[in-house]
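This is what each chain is made of:
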Amino acid sequence: MIRATGLEKSYGRGDERVKVLDGIDLSVERGTVFALLGPNGAGKTTAVRILATLADADGGTATVAGYDVRTQRRQVRRAVSLTGQFASVDEKQTGEENLRMVARLGGLSRPAARRRAAELLERFDLTAAGRRLAGTYSGGMRRRLDLAAGLVGEPRVIFLDEPTTGLDLRSRQELWQVVRGLSAGGSTVFLTTQYLEEADQLSDRIAVLDGGRLVAEGTATELKSRVSGHRLDLVATDAAAYERLAPLAVQLSPDTLTLGLPTDGTAARVRALLDEIDPRRRDVASFTVHSATLDDVFLALTGRGRTTEEPARV
Amino acid sequence: MSDTAIISPVGRALNNSLVMTARSVRLNTRNVDAIFTSLMLPIMLMLIFVYLFGGAISTGTGEPYVAYVVPGVLLLCAGFGSSGTAVGVNEDMKGGIIDRLRSLDVGGASILAGHVASSTVRNTVSTVLVLGVALLIGFRPSPTLPGALAAAGLLLAFIVAISWLAATVGLVTKSPEAAGAFSFFMMFLTYPSSTFAPIDTMPGWIHGFAHHQPVTPVIESLRGLLLNDPVGSAPWIALAWCTGILLTAMALSGRLFRNRTA
Ligand SMILES: Nc1ncnc2c1ncn2[C@@H]1O[C@H](COP(=O)(O)OP(=O)(O)O)[C@@H](O)[C@H]1O
Ligand SMILES: [Mg+2]
């Protein structure tokens, strides 16, 4: 459904020129959910805008729904919808007017547009708010209205750029339900996110983008097997103990004598790991277990992001 | 969307323009305050000039001063009214709607045409209201039927041209406030012309500008047509100005729109 090879994009000119995308290859099958995972500034939005024809790539080629994003712009636009990081809704119109307008622009008759708007408001739980100006909506409602507007034309490919960034927990979970519904309905979904958990929850395949390059690609399980899913943070009893443990750690904070080790988070594995690294039970003073964050993923995948000056040891 | 495939590009552009017009008209009806303000100012000016200064201004026509001043006030009103279009376009370019419209493949021409069309509707309503007030305070036009039609047509052409110019200003300006300054621009164009006093009574250095700027021939034509006085070539010059402004604004805005959304 989506194929991209060697996508490149730079911004700025002269010495200020930065390569935002540096040769990206992507492949998304029909009916699947694909997540592009990466930290702020990785180039996610740039990639999505290129695929949705809102920006031009400097190099490489891409097809979406079988159409070339450069030469068949119009066909691509008709086949996709993009819900941006910043909701593209008309704040000066009500939710219902927004959807009716989009439907009319898509060529539906007045009555058909009215029906479609009502249907989508219902589906996105916005019926009660349908007569209020979109400018008065909460972040989550706005995002849902935006998504609904994107679905008016029954797109085959749905792009969601950081659909839950800035939303509270409840709105985030509501949006996850929506994405699952889309996927169950047979749509192809391409989403970007900064959260490993979100990619894990929603997608069939994940690609990790960092500094304009893909550093990993695979199913959530494949990726998690590379980053263990959790991190065991140990506080060493003293500096000597810290030095003994340091070679095993993926994350180091010498000031607090704290070290991080990857683990799957199960009691059995944590117990075994503690016994293994500290058989005399003297070096470890206390520990905590965290879910692996995106930082840990990048740490594991790129060896960067450590908190110390020491060279990477992964 | 299966229904779109059968509509021709022209049909699509027309449909889109109509939808965008409907939106713009809807937003206008929600913003009656702004319309009221842009209407009150010209009407106040008309009253001030007719009742306070009118006695001191000799127009050399033998007509009551109100008859002299009405055409200029109509243009001033159109100028103020269309500055709302500059603001509206500017806000649209910043808001979330523009990305939505672009991804729906709605062209810049349709978006701007919607604004211009609703501006035209709005200004037509204000024009009728200003004329109503003028009639109340003693304006007695005596046009022939063709003269009345020509005057209406010319005023309409002016409104459309100025509205599209305002839309262009909305694209260039960085903020809605800056876009709103379009009404000042219209004021500076309307005052140094024969709006409130004959140009001959103004200082000599301004004659060149006052005679050869777009507002003057439009005012002269309206005045002549409404009072059934000879107008000479003024209507043709006025029409040429309006066409020129419209075509320039359309070309310029098309280019600006592409640049701003690239
Ligand atoms: N229009 C632009 N002009 C200049 N730089 C840009 C532009 N858009 C994005 N960038 C830069 O490109 C990089 C990637 O941006 P983006 O694709 O938005 O990343 P993400 O969505 O992953 O946060 C950032 O460093 C950003 O500053
Ligand atoms: Mg982004």
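Just above, that's the structure.
Not measured: the values here are computed from a predicted model.

Student: Account for the packing of aromatic side chains, with residues named and values stated.
Tutor: Residue and element names in this part refer to chain B. Taken as a whole and assessed by the stated rule, the structure comprises seven aromatic pairs over all chains. Each ring, one from Phe49 and one from Phe53, has its centre 5.1 Å from the other, and the planes form 80°; the classification is edge-to-face. You can see Phe49 and its partner Phe53 sitting in helix α3 (residues 32–53), four residues apart, about one turn around the helix. Residue Phe49 is classed as buried on the basis of its relative accessible area, which comes to 16%. An aromatic cluster is built from Phe49, Phe53, Tyr191 and Phe196, whose rings are joined through pairwise contacts.

Student: Before we move on, could you go through the sheet that holds strand β6 (residues 80–83) of chain A and cite the residues and values that matter?
Tutor: Each strand in a sheet pairs with another by means of backbone hydrogen bonds, the pair being arranged parallel or else antiparallel. Residues and elements named next belong to chain A. Here six strands make up an open sheet; going across it, the order is β6-β7-β8-β3-β9-β10 and the pairing mixed. The strands lining the two open edges of the sheet, one partner per strand, are β6 and β10 (213–218). Adjacent strand axes in the sheet meet at a mean angle of 15°, parallel and antiparallel pairs treated alike. By the bridge criterion, five bridges tie strand β9 (residues 205–210) to β10 in an arrangement that is antiparallel. Across the sheet, the residue bridging to Asp210 is Arg213, located in β10. Strands in contact with helix α6 (residues 169–184) are β3 (33–37), β7 (157–161) and β8 (188–193); relative to β8, the strand with the most contacts, it is inclined by about 150°.

Student: Please give an account of helix α5 (residues 139–151) of chain A that cites residues and values.
Tutor: Residues that lie three or four places apart on an α-helix share one face, since the helix turns once every 3.6 residues. Counted at 1.5 Å a residue, the expected span for α5(A) with its 13 residues is 18 Å, and the 19 Å between its end C-alpha atoms agrees. In terms of burial, α5(A) is a largely internal element, eleven of the 13 residues being buried. Regarding α5(A), the residues found buried are Gly140(A), Met141(A), Arg143(A), Arg144(A), Leu145(A), Asp146(A), Leu147(A), Ala148(A), Ala149(A), Gly150(A) and Leu151(A). On the buried face of α5(A), the contacting elements are β6, α3 (95–105), α4 (110–123), β7 and α6 of chain A together with α5 (97–103) of chain B.

Student: Can you explain the interface of chain A and chain B? Please cite residues and give values.
Tutor: Taken together, the contact between chain A and chain B spans 26 residues of the former and 25 residues of the latter. For the chain A and chain B pair, buried surface summed over both sides reaches about 2,500 Å², with 50% attributable to carbon and sulfur atoms. The largest per-residue losses of area from chain A upon contact with chain B belong to Arg78(A), Lys92(A) and Leu105(A), which jointly make up 26% of the total buried on that side. Scanning the region where chain A abuts chain B turns up seven salt bridges. A salt bridge links Glu91(B) to Lys92(A); the shortest N-O distance between them is 2.8 Å. Residue assignment for the side of chain A that touches chain B shows that the elements contributing at least two residues are α2 (73–79), α3 and α5 of chain A. Looking at the side of chain A that touches chain B element by element, the count peaks at five residues for α3(A). Among the residues forming the side of chain A that touches chain B, the class breakdown is ten nonpolar, seven polar and nine charged.

Student: Summarise α3(B); cite the residues concerned and give the values.
Tutor: Residues and elements named next belong to chain B. Taking 1.5 Å as the rise per residue, α3 with 22 residues should run 32 Å; its terminal C-alpha atoms sit 30 Å apart, in good agreement. When α3 is considered as a whole, its buried residues turn out to be Ser38, Leu39, Pro42, Ile43, Leu45, Met46, Phe49 and Val50. Packed against the buried residues of α3 are α4 (65–94) and α6 (108–136).

Student: Tell me about empty space enclosed by the protein, and please be specific about residues and values.
Tutor: By the definition in use, this model includes two cavities of 30 Å³ or more. Forming the walls of the largest cavity are 20 residues, and the residues nearest its centre are Arg77(A), Arg78(A), Val80(A), Ser103(B) and Leu104(B). Secondary structure elements with two or more residues in the lining of the largest cavity: α2, β6 and α5 of chain A together with α5 of chain B. One number sums up the size of the second largest cavity: a volume of about 60 Å³. Along its surface, the second largest cavity is lined by Leu7(A), Ile50(A), Thr53(A), Ala55(A), Asp56(A), Ala57(A), Gly60(A), Thr61(A), Ala62(A), Val69(A), Arg70(A) and Arg73(A). When residues of the lining of the second largest cavity are assigned to their parent elements, the largest contribution, three residues, is made by strand β4 (residues 59–64) of chain A.

Student: Before we move on, could you go through unusual backbone geometry and cite the residues and values that matter?
Tutor: Residues and elements named next belong to chain A. A positive phi angle is found at Ala65, which is not glycine, with a value near 55°. Relative to the helices and strands, Ala65 is located in the loop between β4 and β5 (67–68). Notably, Glu154 is not glycine yet its phi reads approximately 50°, a positive angle. Mapped onto the elements of the fold, Glu154 is located in the loop between α5 and β7. Exposure remark for Glu154: the relative accessible area of 59% places this residue in the exposed category.

Student: I'd like to hear about the pattern of salt bridges, residue by residue, with values.
Tutor: Taken as a whole, this structure holds 26 salt bridges over all chains when the rule is applied. When the shortest N-O distance is used, the salt bridge between Asp105(B) and Arg74(A) registers 2.8 Å. Within this pair, whereas Asp105(B) is found in the loop between α5 and α6, its partner Arg74(A) is found in helix α2, the two belonging to separate chains. Residue Asp105(B) is classed as buried on the basis of its relative accessible area of 16%. Owing to a relative accessible area of 44%, Arg74(A) belongs among the partly exposed residues under this scheme. Put simply, Arg170(A) and Glu174(A) hold a salt bridge, and the shortest N to O gap is 3.1 Å. Taken together, the residues Arg170(A) and Glu174(A), both in helix α6 and four residues apart, mark about one turn of the helix. With a relative accessible area of 62%, Arg170(A) lands in the exposed category. The network of salt bridges with shared partners includes Asp90(A), Lys92(A), Arg23(B), Glu91(B) and Asp92(B).

What counts and how
- Residue positions are counted from 1 within each chain, in the order its sequence is given.
- Key to labels: chains lettered from A, ligands numbered from 1, both in the order written.
- In keeping with the predicted nature of the model, local features appear solely for residues at pLDDT of at least 70, side-chain atom pairs appear and are counted solely at 80 or more, and the whole-chain, interface and lining totals rest on all residues.
- Just so you know, side-chain values use all the structure's heavy atoms and leave hydrogens and water out.
- Only rings of Phe, Tyr and Trp enter the pairing, Trp through its six-membered ring, and a pair is recorded when the two centres are within 6.5 Å. The plane angle decides the type: under 30 degrees is stacked, over 60 is edge-to-face, the rest tilted.
- Runs of E in the DSSP output that reach at least two residues are strands. Runs of H or I that reach at least four are helices, and both are numbered from the N terminus.
- For every residue, the accessible area (1.4 Å probe, protein chains only) is compared with the maximum for its type, and the residue is labelled buried under 20%, exposed over 50%, or partly exposed between those bounds.
- Here the rule is simple: two strands pair whenever DSSP picks up at least two bridges between them.
- Where helices are involved, their axes are fitted lines through C-alpha atoms of the stretch in contact, as for all axes, and angles between N-to-C directions lie from 0 to 180°.
- The contact rule is simple, with two residues in contact once any of their heavy atoms fall within 4.5 Å.
- Helix span, as expected, comes to 1.5 Å for every residue beyond the first.
- For any pair of parts, buried area is found by adding up, for both, the accessible area (1.4 Å probe) each one loses once the two are put together.
- Salt bridge, as used here: a side-chain nitrogen of Lys or Arg that lies within 4 Å of a carboxyl oxygen of Asp or Glu.
- Only Asp, Glu, Lys and Arg are considered charged in this grouping, and only Ala, Val, Leu, Ile, Met, Phe, Trp, Tyr, Cys and Pro are considered nonpolar; every other residue, Gly among them, is considered polar.
- A cavity, in this analysis, means grid points on a 1 Å lattice covering only the protein atoms where a 1.4 Å probe fits yet has no way out; a pocket is instead an open set bounded by protein on both sides within 12 Å along at least five of seven lines, and a residue lines either one if it has an atom within 4 Å of a point.
- Grid points are joined across faces, edges and corners, and a volume is the space filled by probe spheres set on the points.

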